[in-house]
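Here is what each chain is made of, one letter per residue.
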Amino acid sequence: MSSMTRRNITRRSVSIGLTAFGLAACGGGQPGVRAALAASRDEPPKPRPNGGYAAWVRGFRERAAAAGISEATLASAFKGAGYLDKVVENDRAQFQMRRTLEDYLAIAASDERLRIGAQKLKTHGRTLDRIEARYGVQKEVLAAIWGMESSYGTRRGDIPVVSALSTLGYASRRGAFFEGQLVAALKILQAGDIAPSKMTGSWAGAMGHTQFIPTTYLAHAVDFTGDGRRDIWSDDPADALASAANYLAASGWQKGRLWGVEVWLPGASDDLVTRSVADWRARGVTRAAGGEVPDHGPATLILPNGAGGPAFLLFANYRVFRAYNDSMKYALAVGHLSDRLAGGGKLKGSFGADAQGLTLDERKELQARLTKAGFDTDGADGVIGDKTTAAIRGYETARGLPVTGIASQGLLKHLRGQGA
């Protein structure tokens, strides 16, 4: 296994990005979008006494000292640190509902995410321009990763990293991996980039605006502001965004080239086929939005939803997204969001109707009508999560309908008939 592959897997295993919002970017699905957002607002978990954990920490401190961590660093890092039950619960509850690619893309490029992203591009435009000039990564790409990983810095995580990683080092099935991340975190503290009390992140130790795990931080974080610290936790996102750009550049990002394009196929074709763009053009493949497929090197065709769904030609920069997070859904979502932030339009291809016969636009209409009727779905993104299901149940109860909680053609017809 290559060092690149090892890095991809380790980062993929703990990234919270959109998975914090109910998406399957990192292999294991998470709870519903808004339920996860509500959970993220809970108070950070408090350490609990645990004899086995305490014994593990004593042994770990000896191993960390042998790895070059000073006693002073260990003392300050573990002052107030402790075993976190919630972290263990999260580690053991990763295999839940998975989102479809259509839902994933809908959330990734939601109206709210696009609106906030446009604001961030304007507010931080000069910084992003400088980062792009230095590392060759388009500012819209960096904004898309920022939006995916921490919702533009609003979901950086507030769990003490030393507590989280030491808990997982002791209790997780991947204890050796998390112990390695804990040693890396201590090296960050020892270098003085952040104080222990301010080193916070996700339950699995992913940190800052761009959700770097400690080993990724050590390899790729940069001090873009020139203040002597690589501060990815600060309200100022400059160091974090530059660090993400440095990571992408080190992973092979090709300056000025696209990640991929949505295309139209004149006939049936197998996916995962790689050809030159000239060959694809000769076969009649065009951009879905119209015009000739741009030539950014050999391109691989994928049909992620089968022959009836959108088709994409993917260039080398798509594989760089997979280096950041080795998930097709994540890579397509970052690419699509970056295109939308750069002024591109919605996908042209249709995913078709869901199991209940509703298209994405119809699900959005259903949510809007429910909210108008007084049963708030917390937005109309077309993704049927916990809030929408509860709203449906509430509407059905109030109208004397069978209570199913299911978004269906029959329910949409009823809502239309009621003028909702």
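This structure is a prediction, so every number in the text was calculated from the model and none was measured.

Help me out: how do you make sense of the environment of Ile-69 in this one?
Mapped onto the secondary structure, Ile-69 falls in the loop between helix H3 (51-66) and helix H4 (71-78). Taking the C-alpha atoms as reference points, Ile-69 and Ala-184, separated by 115 residues in sequence, lie 9.7 Å from one another. Filtering out sequence-adjacent residues up to four positions away, Ile-69 remains in contact with Ala-64, Leu-74, Val-183, Leu-186, Lys-187 and Gln-190.

Mind showing me how you'd approach the sheet that holds strand E3 (residues 260-264) here?
Across a sheet, paired strands are connected by hydrogen bonds in the backbone, their directions being either parallel or antiparallel. Taken together, the 5 strands give an open sheet; going across it, the order is E4-E6-E7-E3-E5, and neighbouring strands pair in antiparallel fashion. Bordering the open sheet on either side are strand E4 (273-275) and strand E5 (286-287), each of which pairs with just one other strand.

How should I be thinking about the environment of Gly-352 in this particular structure?
By the secondary structure assignment, Gly-352 is in the loop between helix H16 (328-341) and helix H17 (360-372). When neighbours within four sequence positions are excluded, Gly-352 is seen to be in contact with Glu-102, Leu-358 and Thr-359.

Sorry, what's going on with the packing of H4 against helix H11 (residues 175-191) here?
How two helices pack is summed up by the angle between their axes together with the distance between the axes. Contact pair H4 / H11: the axes reach a minimum separation of 10 Å and the direction vectors enclose 105°. With respect to H11, the element H4 is oriented roughly perpendicular. On the side of H4, the interface is formed by Thr-73, Leu-74, Ala-77 and Phe-78, while H11 contributes Leu-182, Leu-186, Leu-189 and Gln-190. In terms of residue class, the contact of H4 with H11 is built from 6 nonpolar, 2 polar and no charged.

Quick question: what am I supposed to make of helix H15 (residues 316-324) here?
For an α-helix, the turn length of 3.6 residues means that residues three or four places apart are oriented alike. For H15, the buried fraction is high: 7 of the 9 residues fall into the buried class. Within the sequence span of H15, burial applies to Ala-316, Asn-317, Tyr-318, Val-320, Phe-321, Ala-323 and Tyr-324.

Any chance you could explain the pattern of salt bridges here in plain terms?
Between side chains of opposite charge, pairing is possible as soon as their charged atoms come close. Inspection of the entire model under this criterion finds 20 salt bridges. Measuring nitrogen to oxygen at the nearest pair gives 3.2 Å for the salt bridge that ties Asp-129 to Lys-139. Residue Asp-129 is found in helix H8 (residues 125-135), and its partner Lys-139 is found in helix H9 (residues 139-150); the two are separated by 10 residues along the sequence. With relative accessibility at 38%, the residue Asp-129 sits in the partly exposed group. In this structure, the salt-bridge partner of Arg-156 is Asp-235, at a minimum N-O distance of 3.0 Å.

Can you walk me through the nonpolar core in this structure?
As a rule of thumb, soluble globular proteins bury nonpolar side chains together. Formed by 86 residues in total, the largest nonpolar core has its most connected members in Phe-78, Met-199, Leu-248 and Leu-332. If we skip the residues at most four places from it in the chain, Phe-78 touches Tyr-53, Val-57, Phe-60, Arg-61, Val-162, Ser-166 and Leu-182.

For this particular structure, what's the right way to read the packing of helix H6 (residues 101-108) against H16?
The contact between H6 and H16 brings their axes to 9 Å, and the two run at 40°. The element H6 and its partner H16 pack so that their crossing is right-handed. For the pair H6 and H16, the contacting residues are Leu-101, Tyr-104, Leu-105 and Ala-108 in the first and Lys-329, Tyr-330, Leu-332, Ala-333, His-336 and Leu-337 in the second. Each residue belonging to the contact of H6 with H16 can be placed in one class, and the counts come to 8 nonpolar, 1 polar and 1 charged.

The rules behind these values
- Residues numbered from 1 in each chain as written.
- Predicted model: local features only at pLDDT ≥ 70, side-chain atom pairs only at ≥ 80, totals over all residues.
- Heavy atoms only, no water.
- Helix = DSSP H or I, 4+ residues; strand = E, 2+ residues; numbered from the N terminus.
- Contact = heavy atoms within 4.5 Å.
- Pairing = 2+ DSSP bridges.
- Axes fitted to C-alpha atoms, helices over the stretch in contact; angles between N-to-C directions.
- Parallel < 35°, antiparallel > 145°, perpendicular 65-115°, else oblique.
- Nonpolar A, V, L, I, M, F, W, Y, C, P; charged D, E, K, R; others polar.
- Buried < 20%, exposed > 50% of the residue type's maximum accessible area, 1.4 Å probe, protein only.
- Salt bridge = Lys/Arg side-chain N within 4 Å of Asp/Glu carboxyl O.
- Core = buried A, V, L, I, M, F, W, Y, C linked by side-chain atoms within 4.5 Å.
- Left-handed = near helix turned anticlockwise from the far one by under 90°.

All quantities given are derived from atomic positions and should not be read as evidence of function.
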